[in-house]
Structure formats: C-alpha cells, structure tokens
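Topology and contacts: notes
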Amino acid sequence: MNIVVCVKYVPDSTANPTFNSSDNTVDRVGVDGLLSELDEYAVEQALKIVEAGEGEVTVLTVGPEQATDAIRKALQMGADKGVHVFDDAIHGSDAAATSLVLAEALKKIEYDLIVFGMTSTDGGMGVVPTMVAERLGLPAVTFGSEITANGSTISIRRDGDSATETIEATGPLVLSVTDQTGEARYPSFKGIMAAKKKEVTQWSLSDLGVDASQVGLDAAWTKVSSFEARPARTAGVIVNDEGDGGVKLVEYLASQKFV
Ligand SMILES: Cc1cc2nc3c(=O)[nH]c(=O)nc-3n(C[C@H](O)[C@H](O)[C@H](O)COP(=O)(O)OP(=O)(O)OC[C@H]3O[C@@H](n4cnc5c(N)ncnc54)[C@H](O)[C@@H]3O)c2cc1C
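Just so it is clear, the model here is predicted, and its values are computed rather than measured. (Residues numbered from 1 in each chain as written. Predicted model: local features only at pLDDT ≥ 70, side-chain atom pairs only at ≥ 80, totals over all residues. Heavy atoms only, no water.)

1. Details of the sheet that holds strand 9 (residues 153-159)
The three strands are arranged 8-9-10 in an open sheet whose pairing can be described as antiparallel. Each end of this open sheet is capped by a strand with a single partner; those strands are strand 8 (146-150) and strand 10 (164-170). Neighbour to neighbour, the strand axes of the sheet diverge by 15 degrees on average, direction disregarded. The pairing of strand 9 with strand 10 spans seven bridges and is classified as antiparallel. (Pairing = 2+ DSSP bridges. Helix = DSSP H or I, 4+ residues; strand = E, 2+ residues; numbered from the N terminus. Axes fitted to C-alpha atoms, helices over the stretch in contact; angles between N-to-C directions.)

2. A short note on the layout of surface pockets
In this structure, the second largest pocket occupies an estimated 150 Å³ of space. Put simply, the parts of the chain that give the lining of the second largest pocket at least two residues each are strand 5 (81-85) and strand 12 (200-203). Of all the elements, strand 5 adds the most residues to the lining of the second largest pocket, at three residues. Broken down by class, the residue content of the lining of the second largest pocket amounts to three nonpolar, four polar and five charged. (1 Å grid on protein atoms, 1.4 Å probe; cavity = no way out; pocket = protein on both sides within 12 Å on 5 of 7 lines; lining within 4 Å. Points joined across faces, edges and corners; volume = space filled by probe spheres on them. Nonpolar A, V, L, I, M, F, W, Y, C, P; charged D, E, K, R; others polar.)

3. Quick notes on the environment of Phe143
Within the element layout of this structure, Phe143 appears in strand 7 (residues 140-144). For Phe143, a relative accessible area of 33% translates into the label partly exposed. C-alpha of Phe143 to C-alpha of Gln180: the two residues are 37 residues apart in sequence and 9.5 Å apart in space. Apart from residues lying up to four places away in sequence, Phe143 is in contact with Met118, Gly126, Ile156, Arg157, Arg158, Ser176 and Thr178. (Buried < 20%, exposed > 50% of the residue type's maximum accessible area, 1.4 Å probe, protein only. Contact = heavy atoms within 4.5 Å.)

By themselves, these are just geometric observations and shouldn't be taken as functional.
As structure tokens, this is what we get:
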C-alpha cells in the first residue's frame, strides 16, 4: 500500500509563538518550528500499515522553507520520501486554500491511502482532511483511535462521548488518526542517518498548476483582524492546610461555582 501522510510545520508552542505585526499572520519564520506533534501519530500509523504489508510512505507538507524540518523528522521516523510545496504566494492561506494546494499535490503522487493528524497544534481546526477528501472525491474516515488495515479496506474505532463507533471504508481514502492510537516512535540513530539520503522533492504553485490568486492572505476567506497576548498565568490560590484544608478547598470550589 502506498501511503501519503500530510504533515504540518507549526511554531514550537514552547518557543513563544506570535503573530507578524505586519499582516497578523502566524510568525512561522522568526519562531522555532517543528513537525506538529499530532501528525507524528499519523506518520506512526502509516509506517505500521506498510511494515505489516508492503509499499512506501511519502510525507507531504505545504509550508515555508523551514518546513523541511517537519519532513526531515518524519523521514527519520522511517518514512521513505518527502514532498514539500513551497511558494511565497501561499503565505497566510486559510484552510480552504491549504486543502486546495494539498489536493493538487496529491494528484501528482501515487497513493492508496492518505493519512492526516486529527488537527494541527496551531490553527487547530481539524477540517483539512475532509476538505481534501471532498476535493479528491474520496471517502473520509476520521478521528480513528484504532486503525485496522485489511488489504485496501480500512476500519477504525472512533471513541465518541456517548458511543464507540467502528467505521469502515475501502481505499483509496482519506484517514485521520488521533493521539489515542499509541505512542509514536522516536527516530533511531540509524533512522536519523538514513534520512539524510532520502529524497525530498520541492514543488511550487506553478508545478501544481495552482494560480497564486487562489491562495495566500489576499484570497483568504478569514483574516485575523487583531491579536493580543494572553495574560500570563497567575500562580493561583494556595490553600494552607492547618487541618481545615478540606473545608477551605470546598469553600474555594463553591466560591468559583464549581460545586
Ligand atoms: C491561530 C490560527 C487560526 C486560524 N483560523 C483560521 C480560520 O478560522 N479559518 C481558516 O480557514 N483558516 C484559519 N487558519 C489558517 C489555517 O490554520 C491554515 O490554513 C492551515 O494550513 C489549515 O488549518 P489547520 O492548521 O487548522 O489544520 P487542521 O484542519 O487542524 O489540520 C488537520 C490536519 O491536516 C494536515 N495539514 C494541515 N495543514 C497542513 C499543511 N500546511 N501541510 C500539510 N498538511 C497539513 C495535517 O495532517 C493536520 O493534522 C488559522 C491559523 C491559525 C494559526
């Protein structure tokens, strides 16, 4: 099975991510970035499916120059090759435009299955997988917490609040996986060394036949009109327990209307 995993390069949440004051877009250049942690689970599940059978794993990202770091990490985990769609015109794209670029890139790659993370750790919309599925006319099996591949048939367990569902579809299809699918592997030293030799292809919008007027900040249906830093977290209320800690705790919870 040939699998393509779509991975996003996101600002490192521990590196004080911020917005560009010039156009209110996320600063993806001046702040350290990395492979979106939730996409590591997508890479892991793709590797497991291929290791249980045959085929190869390609990782695909749409992002700035630094997004090669996200591809590199996935190659170190064991993916076979990478595709990076990089074009200045993509800057500030909304989810609709991102899904367009991904879909056009996927039309140039051989796949039986396309795997996504459940959501990105910066935009956090969780919509791109189904948007891409719609554009490619594929079934979408989303938010899988347990993935079973039987030939080209994929079935997932999806844990909802009130029910656990088993959903099945036959490929080619779009699959998104949650962080409940089990630990993602850490790159081994052998994997890190092997990744250096693995092929990474770079495409621009013109390679995909996508007109720049369809993407980027000017084409975005939504724009960040303003932003302000969240107030720093306060230390919180400290309850000294002089034998009455329990009472004080209940009084505090009641004062906050938690009980
Ligand atoms: C704080 C913030 C708020 C935003 N609000 C909006 C908004 O309200 N409306 C809007 O249209 N856009 C919005 N955007 C822009 C949007 O984040 C980007 O267009 C993004 O590329 C897609 O949305 P997402 O990150 O929420 O992806 P999600 O839909 O959460 O992503 C799900 C999965 O899709 C894949 N994926 C997502 N982006 C990429 C990529 N660039 N390359 C490869 N795979 C990818 C990954 O597998 C990921 O796990 C916002 C961005 C930020 C940072």
